[in-house]
Amino acid sequence: GAVVSQHPSWVICKSGTSVKIECRSLDFQATTMFWYRQFPKQSLMLMATSNEGSKATYEQGVEKDKFLINHASLTLSTLTVTSAHPEDSSFYICSASAGRTYNEQFFGPGTRLTVL
Amino acid sequence: DAKTTQPPSMDCAEGRAANLPCNHSTISGNEYVYWYRQIHSQGPQYIIHGLKNNETNEMASLIITEDRKSSTLILPHATLRDTAVYYCIVRVANRGSNYKLTFGKGTLLTVNP
């Protein structure tokens, strides 16, 4: 149990275009989903936290108008990178929490974004 | 959340036990120790967590010192597939809460044949 999927697994786009990444909890309802970004040889950095049906909470330094997060249901959250530029190229990872006793976060496999 | 300190890298022979240390000297009484690992180009995987008692599951054992200022993750029989970056994270865990995880640099464990 506790499987989280992401789609697509990788994407290449041209500078200036927008890219949407989906994160789904397959076998549980996720009260909260998190979006992380990881640059090469660096650790994961939390970008934002989203609860179903409410606005996401962004970490300091993350542009909310550039990284649009929608958490419309208990099993789906989406991250849209708007007007992507080469510096947005990164590994984007989502995680989901079911709000159970110890609140383990279950991570998706990640999405590799390359902006040309 | 309390800060953790881990060695940047460790090596282990295949089949041997891998013991990964973590220091968390500023841990608070209500903070748990969580361990995750990240295999290259994959999302992190939850391994184990504990408060003050030693814990064991099908993946690993977690040994927490009596003063809770440090802990050790033990992989009893390391395999090549255990090569990954291992993260020790300290945070509060309450029912219904959704506290975020703060990842440090972790320990790169390399299991050698």
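Where do I start with the overall build of chain B in this structure?
Across its full length, chain B holds zero helices and nine strands. The C-alpha radius of gyration computed for chain B amounts to 13 Å, which stays within 12% of the reference 13 Å derived for 113 residues, consistent with globular compactness. Here the C-alpha coordinates of chain B stretch approximately 40 × 30 × 25 Å along the principal axes. Looking at chain B as a whole, 46% of its 113 residues are labelled buried. Carbon and sulfur atoms make up 49% of the accessible area of chain B, which totals about 5,900 Å². A gap of 6 Å separates the mean positions of the 11 positive and 9 negative side-chain charges of chain B.

Help me understand the overall build of chain A in this model?
Check the secondary structure of chain A and you find zero helices and 11 strands. Walking chain A from its N terminus toward its C terminus, one meets helices and strands in the order β-β-β-β-β-β-β-β-β-β-β. Here chain A has a C-alpha radius of gyration of 13 Å; the compact-globule value for 116 residues is 13 Å, and the two agree. Principal axes of the C-alpha set define a box for chain A whose edges measure 40 × 25 × 25 Å. When each of the 116 residues of chain A is scored for burial, the buried share is 52%. Put simply, of all contacts in chain A between residues at least 6 apart along the chain, 54% involve residues at least 24 apart. Positive and negative side-chain charges of chain A, numbering 10 and 9 respectively, have mean locations separated by a distance of 5 Å.

Which parts of the structure should I look at to understand the confidence of the model for chain A?
Any segment with low pLDDT has predicted coordinates that should not be analysed in fine detail. Counting all residues, the mean pLDDT for chain A is 91, and 95% of those residues have values of 70 or more. The spread of mean pLDDT over the elements of chain A runs between strand β10 (residues 105–107) of chain A, the lowest at 89, and strand β11 (residues 111–115) of chain A, the highest at 97.

Even after reading the chapter, I still don't get the state of the cysteines, so can you show me in this structure?
In a disulfide, the sulfur atoms of two cysteines are covalently bonded to one another. Inspection of the entire model under this criterion finds two disulfides over all chains. Disulfide partner of Cys23 of chain A: Cys94 of chain A, at an S-S distance of 2.0 Å. As the torsion about the S-S bond is roughly 80°, the Cys23 of chain A-Cys94 of chain A disulfide counts as right-handed. Of the two residues, Cys23 of chain A sits in strand β3 (residues 19–25) while Cys94 of chain A sits in strand β9 (residues 90–97), which places them 71 residues apart along the sequence. Residue Cys23 of chain A shares its accessibility class with Cys94 of chain A, and that shared class is buried. Across a sulfur-sulfur distance of 2.1 Å, Cys22 of chain B and Cys88 of chain B are joined as a disulfide pair. When the S-S torsion is -80°, as for the bridge of Cys22 of chain B with Cys88 of chain B, the disulfide is left-handed. Residue Cys22 of chain B is located in strand β2 (residues 18–23), and its partner Cys88 of chain B is located in strand β8 (residues 84–92); the two are separated by 66 residues in the primary sequence. Judged by relative accessible area, Cys22 of chain B falls into the buried class, the value being 1%.

Can you walk me through the sheet that holds strand β8 (residues 76–81) of chain A in this structure?
By way of backbone hydrogen bonds, the strands of a sheet pair with one another, either parallel or antiparallel. Residues and elements named next belong to chain A. Strand order in the open sheet formed by four strands is β1-β3-β8-β7, with antiparallel pairing between adjacent strands. Of all the strands in the sheet, just β1 (4–7) and β7 (67–73) have a single pairing partner and so form its edges. Strand-to-strand twist across the sheet, computed as the mean angle between neighbouring axes with direction ignored, equals 15°. Here five bridges tie β7 to β8, and the two strands are oriented antiparallel to one another. The partner of Ile69 across the bridge, within β8, is Leu79.

What is the right way to read the sheet that holds strand β7 (residues 70–75) of chain B from this model?
All names here are of chain B. Strand order in the open sheet made by the four strands is β2-β7-β6-β5, with antiparallel pairing throughout. Lying at the two open borders of the sheet, with one neighbouring strand each, are β2 and β5 (55–56). Pairing of β2 with β7 involves six bridges; the strand directions are antiparallel. Within the sheet, the bridge partner assigned to Asn19 lies in β7 and is Ile74.

Cut-offs applied
- Residues numbered from 1 in each chain as written.
- Chains lettered and ligands numbered in written order.
- Predicted model: local features only at pLDDT ≥ 70, side-chain atom pairs only at ≥ 80, totals over all residues.
- Heavy atoms only, no water.
- Helix = DSSP H or I, 4+ residues; strand = E, 2+ residues; numbered from the N terminus.
- Rg over C-alpha atoms; globule rule 2.2 N^0.38 Å.
- Buried < 20%, exposed > 50% of the residue type's maximum accessible area, 1.4 Å probe, protein only.
- Areas by Shrake-Rupley, 256 points an atom, 1.4 Å probe, with all protein chains shown as cover.
- Lys, Arg positive; Asp, Glu negative; His and termini not counted.
- Charge placed at Lys NZ, Arg CZ, Asp CG, Glu CD.
- Contact = heavy atoms within 4.5 Å.
- pLDDT = per-residue confidence, 0-100.
- Disulfide = S-S within 2.5 Å.
- Pairing = 2+ DSSP bridges.
- Axes fitted to C-alpha atoms, helices over the stretch in contact; angles between N-to-C directions.

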